Amino acid sequence: MKYFSRFHNRGHNLRPPDLYEYFVDNFWFKTIDLENQKINPPLRGSHTADVVIVGGGFTGLSSAYHIRQRFPDKKIVILEGASCGYGASGRNGGFCVATSLLDWEQPDPEIRQQSLEVSYYGLNFIKKMIAEYGIDCDLEENGMLSVALNEKQTKDLEEYRDYLKLFELDSTILQGKELKQEIKSPLFVAGLTEPQGAILNPAKLARGMKQIVEQNNIEIFERSVVTRITPGKDHHIDTELGEIRAPILVLAVNAYAHKLGFFQNRVFPVNVYQIATEPLSKAQWESIGWGNRQGLSDERIMYSYSIPTADGRILMGGREFSYYENDAISSGNDKTVTSRVKENLFLFFPQLEGLRIEHAWGGTNAFTIGKVPTAGVMGDHKNIYYGFGISEGVPSTQTFGRIIADLLVGESNEFTNHFIVNRKLPYAGPRILRGMFGRGVKWMINNLGFSPIH
Ligand SMILES: Cc1cc2nc3c(=O)[nH]c(=O)nc-3n(C[C@H](O)[C@H](O)[C@H](O)COP(=O)(O)OP(=O)(O)OC[C@H]3O[C@@H](n4cnc5c(N)ncnc54)[C@H](O)[C@@H]3O)c2cc1C
């Protein structure tokens, strides 16, 4: 069997190392008081189900919801190693870019337009969760603002604006006074407004989705680390304390996939860090503008992204994307990176010097060569469904859930025919090379002044 876990046949309980042992100073977890929330008990003993979903992030929760819509009577179980939303889904930047599944290279205008609908599905689905089920996740549909720090990046923005035009999407380049009306930074030379997008509190969304999924009669076991998957006509899934068999398996573990033996050297973990400031005073907000509260990002290779939070802080992340040796997962803490994010904040907004940083944390995201994700179905019995490799996943993972449910029903539509479906992921080289590459990038940053601004 091709997809055997690396824990196979060891005969004793192992856990993927270093996944959940650490304290994480995640501002979003504070807003939901995660430490005092009811976390479901683990799976114990032997069970069976019709569908087992491994991973309780957005991909897993959305898959559970969409599968339930299609199959009202199936027994669906989610196994989550920590608590729903503990992975990237509850730690991210809260950026919800509606256009991240656009098929840029598609020459056929009809198929291109269909990819727009698929791409918008994720944000629309989140809005549906809010409207129909009352999830409160501080969603603000304010659009996005991408900024350039030099000529070359301004050209990149213009190129991107022209791409968006192909999809009949409006976006405008701002410079000089017009840009200053949106945001005041001595470093920004141009900006591109994109009305298509939102900001939100991802941990509130994840925990809210958990409740809705449970209301839809889906059983969720938290604190249930899957230690081994033995695929077959009936999959056998071991956790630390129990086991379960099911004919349908959904893999929704994104950056952790390699730890279970899946997509090794094709989907690999990259670690991303963020900070949240103390709430800004009225005068501090006025000094930087940003009255329209868009999601703000820049055009550097090692870009940063920021949002204003509902309680008046700035949350900023990115700037350095770290690969740790041997595909290691982030503990959530890496001061060398968070200090760089902090440095970036005051480079952008020197007028905020002195503002306190109250939280700093990170998480692990999944990357692929070309940064294009995949969702689909695989295995000797075509009964392993998956959604992986998504670096802009807040809306797209919601769409994965729809794609997975449609594939399960056997539908042929714009979702199941989208170019990411069953896409063969390029080989990303052996771990050792990724390690060398990661070290090289760090060395350049530290020694060659791969400066924060260029
Ligand atoms: C710091 C950071 C910032 C980001 N910012 C943004 C952003 O602003 N906008 C955006 O669109 N995207 C952003 N992303 C990416 C986005 O968060 C992810 O693409 C998305 O959340 C992935 O969702 P998921 O459900 O596929 O994976 P995850 O949320 O990672 O969920 C996977 C789940 O599987 C569980 N799991 C793993 N292994 C096992 C196991 N063996 N047994 C049981 N359970 C297991 C984990 O505990 C986890 O809860 C960011 C990511 C990070 C890390």
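Structure: above.
Conventions and cut-offs
- Residues numbered from 1 in each chain as written.
- Predicted model: local features only at pLDDT ≥ 70, side-chain atom pairs only at ≥ 80, totals over all residues.
- Buried ≥ 20, exposed ≤ 12 C-beta atoms within 10 Å, placed from the backbone.
- Helix = DSSP H or I, 4+ residues; strand = E, 2+ residues; numbered from the N terminus.
- Pairing = 2+ DSSP bridges.
- Axes fitted to C-alpha atoms, helices over the stretch in contact; angles between N-to-C directions.
- Contact = placed C-beta atoms within 7 Å.
- Core = buried A, V, L, I, M, F, W, Y, C linked by C-beta atoms within 7 Å.

Asker: Please explain the pairing of strand β7 (residues 190-194) as it appears in this structure.
Answerer: Successive residues of a regular strand alternate their side chains across the two faces of the sheet. The buried fraction of β7 is high, at 5 of 5 residues. Here β7 shows a buried face lined by Ala-190, Leu-192 and Glu-194 and a second buried face lined by Gly-191 and Thr-193. Bridge count for strand β5 (residues 144-148) against β7 is 5 bridges, and the pairing is antiparallel. What sits directly across from Ala-148, in β7, is Ala-190. Bridge count between strand β6 (residues 172-174) and β7: 3 bridges; the pairing is antiparallel. From the neighbouring strand, Ile-173 faces β7, where its bridge partner is Leu-192.

Asker: Whenever I open this one, the sheet that holds strand β14 (residues 268-277) confuses me. Can you help?
Answerer: Spatially, the 8 strands line up as an open sheet ordered β6-β7-β5-β15-β16-β17-β14-β18, and their pairing is mixed. For this open sheet the edge positions go to β6 and β18 (357-367), each flanked by a neighbour on one side alone. Strand-to-strand twist in this sheet, taken as the mean axis angle between neighbours without regard to direction, amounts to 20 degrees. Contacts from helix α4 (residues 151-166) reach β5, β6 and β7, with the element oriented near 20 degrees to β7. Across the sheet, helix α8 (residues 335-348) lies against β14, β16 (304-308), β17 (314-318) and β18, angled at about 50 degrees from β14, the strand it touches most.

Asker: In this structure, what is going on with the nonpolar core? I would like to understand it.
Answerer: Counting residues in hydrophobic clusters, the biggest one holds 113 residues, and the most contacted among them are Val-52 and Cys-96. Excluding its chain neighbours within four sequence positions, the residues that come into contact with Val-52 are Val-77, Leu-79, His-235, Ile-237, Ile-244, Ala-246 and Leu-249.

So, to be careful, I would describe these as geometric facts and stop short of saying anything about function.
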